[in-house]
Structures are given as structure tokens and as C-alpha cells.
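As a plain string of letters, each chain reads:
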Amino acid sequence: MNYTQAVNYIHSLLKFGIRPGLSGMNALLCLLDNPHESLKYVHVAGTNGKGSTSTAISNVLIEAGYKVGLYTSPYVSHFLERVQFNGKPVEESIFAKNVQKVKNAVEALQRDGTDITEFEALTAAAFLCFNELECDVVVLEVGLGGRLDATNVIPCPLVNVITSLSLDHTAILGDTIEQIAYEKCGT
């Protein structure tokens, strides 16, 4: 699998297949030998400012001499802006190799009736990349929510960060700031 095939594969998965629970993500990571468990994290949730906050934290850690993975979404001009190592997109060959591993695991799960979303597959591929690159710390931006977000499978992070909150994704997270805060604080 090359880089273009890897990106196309990720995009071929359920884009809006968000469903409550972490069972699919946990099953996927189990088939991949739980690459997320050996990493340390700064977990960033919130409504606004997650990306800039995550990037700032990443840059501070890089300047301090750490090997840093950064996982954010969405991207602006290049897909691998979402999966970075020391301030630069991970190498396309590393990403493609790890997406192939994810694809193999996803196909095994699909045979058993478990569907994996685009975000879950990308998150799993990022964990594999960060593990391979031996990151000292990963700055991990939450996708949509918090409590049931695919990123919330990680072990207890070094730090949880919550940026400003406002009404967003109310059909999924709740229609009050208090309900949304409950979901976002679940990181």
C-alpha cells in the first residue's frame, strides 16, 4: 500500500458512522497489539481552540527536547497535518505501512460484523505511527466529544486540557452547556 492508497482507504470508511461506545475502537486496537498503551499523552478536548492549543503544547515539548507526536483534525492543506512527529507530518511510507496494518485488522472485524469509522481507523494508524517513532509524549486532540470519543481509549494521560466550551454537535453531545461539558470532561 502506498500513501495515496492509504489515504483513499481511510476515506473509504464510514465517515459519519459515529456510534456511542468504545467497543469497536478497543477491538481494533486489540488486534493491533494495543499500540496506544505504551505511549504517554496530553489529551486536549473542547469546542474551540483545540488545534491551536494542541500545536502550542506540541511546540513547547519539542523545544524542551522531547520526541512529540501530534494528532489533530481536520487538516488544512495536507492530510498528514493530522499525524505529526516533531512538528512535521509523519513520513508517508510510515503512515502507509501502518494503515495497511489497520486495514488488515478492520477487515477481520468486518468479517465478524464490526464496522470501524474513518476516525477510528485514522486514530489507530496514528497510534501505530507514534509507537513506531518512539514518541516521548503524544498531544492528542479529541475528535467530536470526549467521553465516548475514539481517542478516549488511552491510558490515564499525563495532562487533560479542556479549551472553551460552547453549543456544538448538540444532537450527539446534548443541548445544554452542562451536558456538553459532561461529555467533554470525559477525556
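For the structure given in this document, a descriptive report is provided here. Computed from a predicted structure; not experimentally measured.

**Concerning the side chain of Lys 50**
Move 1: Turning to its location among the elements, Lys 50 is positioned in helix α3 (residues 50-63).
Move 2: One buried charged residue, Lys 50, remains without a salt bridge, the closest side chain of opposite sign being Glu 141 at 4.1 Å.
Move 3: Polar side-chain contacts of Lys 50 include one of 3.0 Å to the backbone oxygen of Gly 143.
Move 4: Once you skip the residues sitting within four places of it in the chain, Lys 50 turns out to touch Val 44, Ala 45, Glu 141, Val 142, Gly 143 and Thr 163.

**Some thoughts on helix α2 (residues 23-31)**
Move 1: The set of residues buried in α2 consists of Gly 24, Met 25, Leu 28 and Leu 29. Looking straight down α2, one finds its buried side chains confined to an arc of 130 degrees; they lie on one side.
Move 2: Buried residues along α2 sit against α4 (92-111) and α5 (118-132).
Move 3: Directly after α2, the chain includes Asp 33, whose backbone phi takes a positive value near 65 degrees.

**Quick notes on the packing of α2 against α4**
Move 1: Where α2 meets α4, the closest approach of the two axes is 9 Å, and the angle between their N-to-C directions is 125 degrees. Regarding the angle of α2 to α4, the classification is oblique. The chirality of how α2 crosses α4 is right-handed. In contact with Gly 24, Ala 27, Leu 28 and Leu 31 of α2, α4 contributes Val 102, Ala 105, Val 106, Ala 108 and Leu 109.
Move 2: Residue composition of the contact of α2 with α4, by class: 8 nonpolar, 1 polar and no charged.

**Some thoughts on the nonpolar core**
Move 1: Counting 43 residues, the largest nonpolar core has Leu 28, Val 83, Phe 95 and Val 102 as its most contacted members.
Move 2: Broken down by secondary-structure element, the contributors of at least two residues to this core are α1 (3-12), α2, α4, α5 and β5 (137-141).
Move 3: Per-element tally for this core: the top contributor is α5, with 9 residues.
Move 4: Grouped together as the second largest cluster of nonpolar side chains are 8 residues, Val 42, Leu 70, Val 137 and Val 139 included.

**Quick word on the side chain of Arg 82**
Move 1: Mapped onto the elements of the fold, Arg 82 is located in the loop between β2 (68-71) and β3 (83-85).
Move 2: Despite its burial, Arg 82 pairs with no opposite charge, the nearest such side chain being Glu 118 at 4.7 Å.
Move 3: With near-sequence residues (within four places) excluded, Arg 82 lies in contact with Leu 70, Tyr 71, Thr 72, Ser 73, Pro 74, Tyr 75, Phe 119 and Leu 122.

**Things to note about unusual backbone geometry**
Move 1: Here the residue pair Ser 73 and Pro 74 is connected by a cis peptide bond, since its omega of -5 degrees sits within 30 degrees of zero.
Move 2: Backbone geometry places Asn 34, a non-glycine residue, at a positive phi of 50 degrees.
Move 3: By the secondary structure assignment, Asn 34 is in the loop between α2 and β1 (41-45).
Move 4: Assessed through its relative accessible area of 23%, Asn 34 is described here as partly exposed.
Move 5: Within the chain, Asn 86 stands out as a residue other than glycine whose phi angle is a positive 50 degrees.
Move 6: Tracing the chain through its elements places Asn 86 in the loop between β3 and β4 (88-89).

Reading the values: the criteria
Residues numbered from 1 in each chain as written. Predicted model: local features only at pLDDT ≥ 70, side-chain atom pairs only at ≥ 80, totals over all residues. Heavy atoms only, no water. Helix = DSSP H or I, 4+ residues; strand = E, 2+ residues; numbered from the N terminus. Buried < 20%, exposed > 50% of the residue type's maximum accessible area, 1.4 Å probe, protein only. Lys, Arg positive; Asp, Glu negative; His and termini not counted. Salt bridge = Lys/Arg side-chain N within 4 Å of Asp/Glu carboxyl O. Polar contact = N/O pair within 3.5 Å; in protein donor to acceptor, adjacent residues only side chain to side chain. Contact = heavy atoms within 4.5 Å. Arc of directions from axis to C-beta. Axes fitted to C-alpha atoms, helices over the stretch in contact; angles between N-to-C directions. Parallel < 35°, antiparallel > 145°, perpendicular 65-115°, else oblique. Left-handed = near helix turned anticlockwise from the far one by under 90°. Nonpolar A, V, L, I, M, F, W, Y, C, P; charged D, E, K, R; others polar. Core = buried A, V, L, I, M, F, W, Y, C linked by side-chain atoms within 4.5 Å.

Any link to function would need more than the numbers given here.
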